Amino acid sequence: MPVNADAGTDTKTEAHSLPINELFYSLQGEGKLAGVPTVFVRTSGCNLRCWFCDSYHTSWEPTHAQMTITEIVKEVESYDANHVVVTGGEPLVHEETNILLDRLSDAGYHTTVETNGTLFRDTAIDLASISPKLASSTPTAERDPKGDGEWAERHEERRIDIDALAKFVDSYETQLKFVVTDESDLEEIETLVSKIRDAADAPIRDTDVLLMPEGATRERLDENRERVAELAMEYGYRYTPRLHVDLWNDAPGT
Ligand code: SF4
């Protein structure tokens, strides 16, 4: 843990809480920090409903325990890591996430926030790992895990907010991480990256744009990782593995 961790508590961290789906120690599996020992704090609740959501119990059927910020930080400090990922669900739906991030930053942790990029917050983020949701994420009736397509319209309306995405890029070190289901996603990725580049003042390098194969199991990744790697080479973007799936398949808490 960082040298200035265990810096005590204050009334804010005692009084505020977050719905926590899981909190665990693992390796960062994706993106620029892949392979780094990291504590994951997974909040419950999301403003979107991707059909392929790999954290179903934070979105489609949210489950959680309510933990105070003090309890969360204490548990984070029980692991020997300098990096913390705050993920979800969508962690930025909760105002209290700001308090958690401030507290972690004060304690000396490097913080990554995994977000869908639709809800900007001005807070203590060292790396904004933004995963904008493509049209292929929409839970149409045929793909909806609940089978009724009830969320399709709401999801489609909310999934992209160019102003919010540009604010993230201008405010934080960012990576734009796209879940690629097939080659047809690339045209949409190119258009979206170009729109964000136009709206943001800060530059987006091609190596800040990450292509990640869709798949929460080794079997599914085996089907499409090679094609996604070839697409990364073709377009000049960065390929990101899903190390945790390669190492532990779909075991919970990894
Ligand atoms: S934005 Fe993320 S957490 Fe929310 S439904 Fe989509 S994949 Fe799941």
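Counting of residues starts from 1 at the beginning of each chain's written sequence and follows it residue by residue. pLDDT decides what is reported in this predicted model: residues at 70 or higher carry local features, side-chain atom pairs at 80 or more are listed and counted, and totals for whole chains, interfaces and linings draw on all residues regardless. Side-chain measures were taken over the full set of non-hydrogen atoms in the model, leaving aside hydrogen atoms and water.

## Focus on the UniProt feature "binding site: S-adenosyl-L-methionine" (unreviewed entry) in the protein chain
Then, number 1: UniProt positions are given in the numbering used here, feature names are shortened, and annotations may be inferred rather than shown by experiment. Within this structure's numbering, the places UniProt gives as "binding site: S-adenosyl-L-methionine" (unreviewed entry) are Phe52, Cys53, Asp54, Gly89, Ser131, Pro132 and Lys133. Here, the largest cavity is lined by Phe52, Ser131, Pro132 and Lys133 out of the annotated residues.
Then, number 2: Note on conventions: DSSP H or I runs of at least 4 residues are helices, E runs of at least 2 residues are strands, and numbering of each starts at the N terminus. Within the fold, Gly89 resides in the loop between β4 (83-87) and α3 (96-106).
Then, number 3: By definition, residues are in contact when any of their heavy atoms lie within 4.5 Å. When residues no more than four places from it in sequence are discounted, the contact partners of Gly89 are Thr43, Gly45, Cys46, Ser55 and Thr58.
Then, number 4: Here Ser131 lies in the loop between β6 (127-130) and α4 (152-158).
Then, number 5: Each residue's exposure class comes from its accessible area (1.4 Å probe, protein chains only) as a fraction of the maximum for that residue type: buried when under 20%, exposed when over 50%, partly exposed otherwise. According to the relative accessible area criterion, Ser131 is buried, its value standing at 8%.
Then, number 6: With sequence-adjacent residues up to four places away left out, Ser131 is seen in contact with Thr115, Asn116, Lys177 and Val179.
Then, number 7: Here the side chain of Ser131 touches Lys133 through a polar contact of 2.9 Å, side chain to side chain. Grid spacing is 1 Å over the protein atoms alone, the probe is 1.4 Å, and a cavity is where that probe fits but cannot get out, while a pocket is an open set with protein on both sides within 12 Å along at least five of seven lines and lining residues have an atom within 4 Å of a point. Pairs of N or O atoms are called polar contacts if they sit within 3.5 Å, as long as, within protein, a hydrogen donor faces a hydrogen acceptor (for residues adjacent in sequence, only side-chain-to-side-chain pairs).

## A closer look at the sheet that holds strand β5 (residues 110-115)
Remark on secondary structure: sheet strands pair via backbone hydrogen bonds, oriented parallel or antiparallel.
Then, number 1: In this scheme, strands are said to pair when DSSP sees at least two bridges between them. Read across the open sheet, the nine strands follow the order β3-β1-β2-β4-β5-β6-β7-β8-β9; overall the sheet is mixed. With partners counted over all chains shown, the strands left at the sheet margins are β3 (65-68) and β9 (238-239), one partner each.
Then, number 2: A fitted line through C-alpha atoms represents every axis, and for helices the fit uses only the stretch in contact; the resulting angles, taken between N-to-C directions, go from 0 to 180 degrees. Where α3 meets the sheet, it contacts β1 (17-27), β2 (37-43), β4 and β5, and its direction lies at approximately 175° from that of β4.
Then, number 3: Contacts from helix α7 (residues 218-235) reach β7 (173-180), β8 (209-213) and β9 within the one sheet, and its direction differs from that of β8 by about 155°.

## Considerations on the UniProt feature "binding site: [4Fe-4S] cluster" (unreviewed entry) in the protein chain
Then, number 1: Annotation from UniProt places "binding site: [4Fe-4S] cluster" (unreviewed entry) at Cys46, Cys50 and Cys53. Annotated residues from the preceding list that form part of the lining of the largest pocket: these are Cys46, Cys50 and Cys53.
Then, number 2: Along the chain, Cys50 turns up in the loop between β2 and β3.
Then, number 3: Take Cys50: its relative accessible area is 8%, and that puts it in the buried class.
Then, number 4: Setting aside residues up to four positions removed in sequence, Cys50 forms contacts with Trp60, Lys133, Ser137 and His155.
Then, number 5: Relative to the helices and strands, Cys53 is located in the loop between β2 and β3.
Then, number 6: If we ignore the near neighbours within four places in the chain, the residues touching Cys53 are Ser59 and Trp60.

## A few points about the packing of helix α2 (residues 69-77) against α3
A pair of packed helices is characterised by two quantities: the angle between their axes and the separation of those axes.
Then, number 1: Taken N-terminus to C-terminus, the directions of α2 and α3 make an angle of 40°; their axes are 10 Å apart at the nearest point. Regarding the angle of α2 to α3, the classification is oblique. In this structure, α2 crosses over α3, and the sense of that crossing is right-handed. In this structure, α2 contributes Ile69, Ile72, Val73, Val76 and Glu77 to the contact, and α3 contributes Glu96, Ile99, Leu100, Arg103 and Leu104.
Then, number 2: Residue composition of the contact of α2 with α3, by class: seven nonpolar, no polar and three charged. Any angle that falls under 35 degrees is termed roughly parallel, while one over 145 is termed roughly antiparallel, one within 65 to 115 roughly perpendicular, and all others oblique. Left-handed describes a crossing whose near helix is turned anticlockwise from the far helix by less than a right angle; the clockwise case is right-handed. Under the scheme applied, nonpolar residues are Ala, Val, Leu, Ile, Met, Phe, Trp, Tyr, Cys and Pro; charged residues are Asp, Glu, Lys and Arg; polar residues are all the others, including Gly.

## Focus: the nonpolar core
Then, number 1: In these notes, a set of buried Ala, Val, Leu, Ile, Met, Phe, Trp, Tyr and Cys residues joined through side-chain atoms within 4.5 Å is what counts as a nonpolar core. Membership of the largest hydrophobic core comes to 47 residues, with the highest contact counts inside it found for Ile72, Val76, Leu100, Phe178, Ile189 and Leu211.
Then, number 2: It is helix α6 (residues 185-199) that contributes the most residues to this core, five residues altogether.
Then, number 3: When sequence neighbours within four positions are dropped, the list of residues in contact with Ile189 reads Leu134, Phe178, Val180, Val209, Leu211 and Tyr237.

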